[in-house]
Amino acid sequence: MDHRTEQESEAAIEARRLIEAVEAVYRLPPPAPTPTRFRDETPNRPSDAEPVRQPDNRIVPAWAAGTAVAGIGVGTGCVGLGCGVWLACQGFAAVSLMSVLFVTLPIAAVAAVAAAVGTALKGARAAHTEHHHYAGDVHQNHSHHSTRTTGLIAHTKNDNRHR
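Colleague: Let's hear about the overall build of the protein: which residues, and what values?
Modeller: Broken down by element type, the protein carries 3 helices and 2 strands. The long-range share in the protein, meaning contacts at least 24 apart out of those at least 6 apart in sequence, stands at 24%. When the accessible surface of the protein is split by element, carbon and sulfur atoms take 62% of a total near 15500 Å².

Here's what the structure looks like:
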């Protein structure tokens, strides 16, 4: 064996030993696995606290949801009525879909107006609440007013009585 090859192999062995020693000193431990779930097995104990009223913070007011539901119902009814009219017209003559839509459009408009008026009246009735906030002298008027309407052609009688 040549003297030079022997020195190179000894140098390679020494270099490998030094690299392994440095790696052993500066080697980081493998990272711990990250937990992805946790289950708490401790039993719940009953609380002696009184229940707390939770405020009702709805995003959509009830009258708006009612109007939306009424609109969907009116739309569905008008589509069904329009389809029925269209099928009936198909039996009588070759009527285009556009003409059927023009026939049913007034029906849909009346139904939509009726739903809107009904929703507005319901909202007005629901919004009326009595609050009595008095500051200073108070005078309460106990008058009584009654109205009676009768007949095919309306005839109204008003009665105003003061107590």
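Colleague: Before we move on, can you summarise a nonpolar patch on the surface with the specific residues and values?
Modeller: Where nonpolar side chains cluster on the molecular surface, the patch consists of L97, M98, L101, F102 and L105 and spans about 540 Å² of accessible area. When you line up the elements, M98 lands in helix α3 (residues 97-127).

Colleague: Go over the side chain of T104 with me, naming the residues and quoting the values.
Modeller: Among the secondary structure elements, T104 is positioned in helix α3. Residue contacts for T104: discarding those within four places in its chain leaves G82 and V85.

Colleague: Could you give me a rundown of the pattern of salt bridges, with the residues and numbers involved?
Modeller: Following the criterion strictly, the structure yields 2 salt bridges and no others. Residues R17 and E14 are paired through a salt bridge, measuring 2.4 Å at the closest nitrogen-oxygen approach. Highlighted residues: R17 and E14, both in helix α1 (residues 3-26), separated by 3 residues, approximately one helical turn. The partly exposed category is assigned to E14, whose relative accessible area is 34%. With a closest N to O distance of 3.1 Å, R39 and E41 form a salt bridge. Comparing R39 with E41, the two get one shared label, exposed.

Colleague: Requested: an account of the side chain of T119, with residues and values cited.
Modeller: Take T119: it is sitting in helix α3. In this structure, T119 is in contact with W63 and T67, ignoring residues within four places of it in sequence.

Colleague: How would you explain the environment of A70 if you had to name every residue and give the values?
Modeller: Mapped onto the fold, A70 is located in helix α2 (residues 62-92). Owing to a relative accessible area of 24%, A70 belongs among the partly exposed residues under this scheme.

Colleague: Go over the environment of A112 with me, naming the residues and quoting the values.
Modeller: Summarising the element assignment, A112 is placed in helix α3. Residue classification places A112 among the partly exposed positions, given a relative accessible area of 41%.

Rules used throughout
Within each chain, residue numbers correspond to sequence positions counted from 1 in written order. Residue-level local features of this predicted model are given only where pLDDT is at least 70; pairs of side-chain atoms are given and counted only at 80 or more, and the full residue set underlies all totals for whole chains, interfaces and linings. The basis for every side-chain value is the complete set of non-hydrogen atoms in the structure, without hydrogens or water. Per the convention used, a helix needs a DSSP run of H or I reaching at least four residues, while a strand needs a run of E reaching at least two, with both numbered from the N terminus. Throughout, a contact is declared for two residues whenever any of their heavy atoms are within 4.5 Å. In this description, accessible areas are obtained by the Shrake-Rupley approach with a 1.4 Å probe, and a residue is regarded as covered only by the protein chains that are shown. Two distance rules govern patches: like charges are joined within 9 Å, and nonpolar side chains (Val, Leu, Ile, Met, Phe, Trp, Tyr) within 5 Å, applied only to residues with over 30% relative accessible area and no salt bridge. When a carboxyl oxygen of Asp or Glu lies within 4 Å of a side-chain nitrogen of Lys or Arg, that pair is called a salt bridge. Per-residue accessibility, obtained with a 1.4 Å probe over protein chains only, is compared with the maximum for each type, and a residue is labelled buried under 20%, exposed over 50%, and partly exposed between these values.

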